Structure formats: C-alpha cells, structure tokens
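Single-letter residue listing:
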Amino acid sequence: MNTQLLTREQHIDFENKWVLQEDLFPGDFKVVYAPVDQHLLCQPYNRKGLFKISLHHGHNRMYYADKVIEYKEYAILFSRPDMVYRFEPIGKQYPGYFCVFKEHFFDQFAKISDYPLFKPGVSPLIEITAVQMEFFTKVFKQMENEMAMDFSYKYDVLRTQVLQLILDTLKLQPAAQFHPRESSSSIRIATCFNELLEGQFPILNTSSRMHLRHPVEFADNLSVHVNHLNRSLKEVNNKTTSQLIADRIMQEARILLQNTDWNIMEIAWCLGFEDLAHFFKFFKKNGHATPSTFRKTLVV
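Since this is a predicted model, take the numbers as computed values, not measurements.

1. Brief notes about the pairing of strand S4 (residues 50-64)
Across the 15 residues that make up S4, a large majority, 13, are buried. Across 6 bridges, the pairing between S4 and strand S8 (residues 96-102) is antiparallel. By the bridge assignment, Phe51 is partnered in S8 with Phe101. Inspection of the sheet shows S4 paired to strand S7 (residues 85-93) by 6 bridges, in the antiparallel sense. Each bridged residue has a counterpart across the sheet, and for Gly58 the counterpart in S7 is Gln93. Sheet topology note: the S4/strand S5 (residues 67-71) ladder contains 5 bridges and is antiparallel. When the sheet's bridge partners are listed, Asn60 is paired in S5 with Tyr71.

2. Thoughts on the pattern of salt bridges
Counting across every chain of the model gives 10 salt bridges. Across the salt bridge formed by Glu198 and Arg248, the nearest N and O atoms sit 2.8 Å from each other. Within this pair, whereas Glu198 is found in helix H4 (residues 185-198), its partner Arg248 is found in helix H7 (residues 241-259), the two being separated by 50 residues in sequence. For Arg248, a relative accessible area of 8% gives the class buried.

Thresholds, definitions, all that
- Residues numbered from 1 in each chain as written.
- Predicted model: local features only at pLDDT ≥ 70, side-chain atom pairs only at ≥ 80, totals over all residues.
- Heavy atoms only, no water.
- Buried < 20%, exposed > 50% of the residue type's maximum accessible area, 1.4 Å probe, protein only.
- Helix = DSSP H or I, 4+ residues; strand = E, 2+ residues; numbered from the N terminus.
- Pairing = 2+ DSSP bridges.
- Salt bridge = Lys/Arg side-chain N within 4 Å of Asp/Glu carboxyl O.

Written out as structure tokens, the structure reads:
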C-alpha cells in the first residue's frame, strides 16, 4: 500500500498552508468566529464524521450536489459528513460563526444524524431574516463564552445550544418539506442516493477525498438494506448501485485528468483509491484506456 496516498486526509487547506485538522479542531467540538473574508466559514469540512453548522451574512451562491442555491443576505447552513459544497461570493461579505462536531459528541444525548436538516433530500441551506440572524448569532456567542468557561458540565450546555440551533431552524420550515410525498419509495430512495453521491463532488483540491464509494456505505447512510437500495435504483435508473457509483467516479476522474495538473497519484487518492494499481485497473475497465493514456490524448 502506498502510504503517500493515505496522508493528505489529515490536512485541510487553510490560507494556502497545510494545517493539521486536529490543530484547528481539537476534541469533538469547536466553535469559531469567522472574519470578514469568510474563508473558513465557506470551507467545506467534509472529513468523515464531521458535522458543521455555519451562519452566513452576505450575498452568495452555493453549489451543492446538482443544485444551486442563492441567498441575498442571511442564511444558516447544516453540513453533514462527506458533503461537498462551495460558495460563490456575489456581494459584500460580513463576519459569521460556525461550529463543528462529531456525531459521538451527542452520544446518549441525541442522535444528531436523525434530524432532517442533516439528511439527504432536505436543503442544507436555509435563508433567514435579520431578526433570526441576530438570535442565532447570540446563540453562537453563548457557545463561544461557554467554551471559555471552566465548568464541569459545559459540554452538556453546548449540546443543548447546538440542539437549539437545529430545532429553532426546523420551526422555520414547513413540515411538508421534511416529509416529501413521493409516488414511489424507489423514487425517494433514488433521489436521496443521488444527493449523497453528487454531494461528494466536485473534488475541489487535493486535500478533499471521496469517502462513500461502496453500496453498503450508501445503504447505511440511507438506513435501508443494500439489496433494497439496489432494487430501487435498478427500478428508477435501470442501473445497479455499483454501476451508478462507478459511472460518477469515472466522470470525475476524467474531469480531474483533463482540467487539473494534479498527478495521477493525487487524483487516485481523492477518488478514494488506496493504491495506483487499483485506480489504473478501474479506469481501464470503465474507460478502455489507462489514466496516463487518456491524459496524453488530450494534449494536442
């Protein structure tokens, strides 16, 4: 196994420097005030197991999976593990807050992944009013103050404050949004599967990595049996789960080979392959050429 392929997961790109994620987020919870440039605020923390709630102020456009969401002034974002997104600033930007945490931070307190805002099929970005922005900002400031306190039960307080953000945001949304009516359960499952798959793309830099690659991993995230997932996708798309995943990985591989100067080892790592031989075998099977040959054919 090539160890170089396994090291970049430990880092994120922070102001053009390699920084250990553990240095930014020690432990299982962190709250951060984001400055005006909002570089950290708009950075997708898609390391496996990391949830994020962020408060945004400014005119932005968000690209997520196959969707584009634009908001004019205020918004709150709920990002789940392995979700990839990016922001395009349109107007003036203002400071904000975000917090990050792991699921087991809520062990024996609440199952955080069960809340609709962290589920596929529900918009992760909610536009809010100035009054709501002021209220949510106060909650983040309370969390910031709580983190600085020497109190034995401060993390219980922080859990309560995070749940307050989630529950108060849920109150802002129509109940029907969290219980969509589908003519077929297969369509609903296929829609959620596609959002999970597309939510890992595009690969924005060599520190980002695709984590959901196998049918059983998608089934676990969707809380269905892998055989039921496969039947549903076959019914809707006439392709198996493995075929759909392979098609999307091939699409992204071609994009990265064509549009970046990353070496093939970096591309393989970003797409979740543990070694180059596996990536070459996969690419040749699905693309009828090696990655090197494909890239050379693009050079005129």
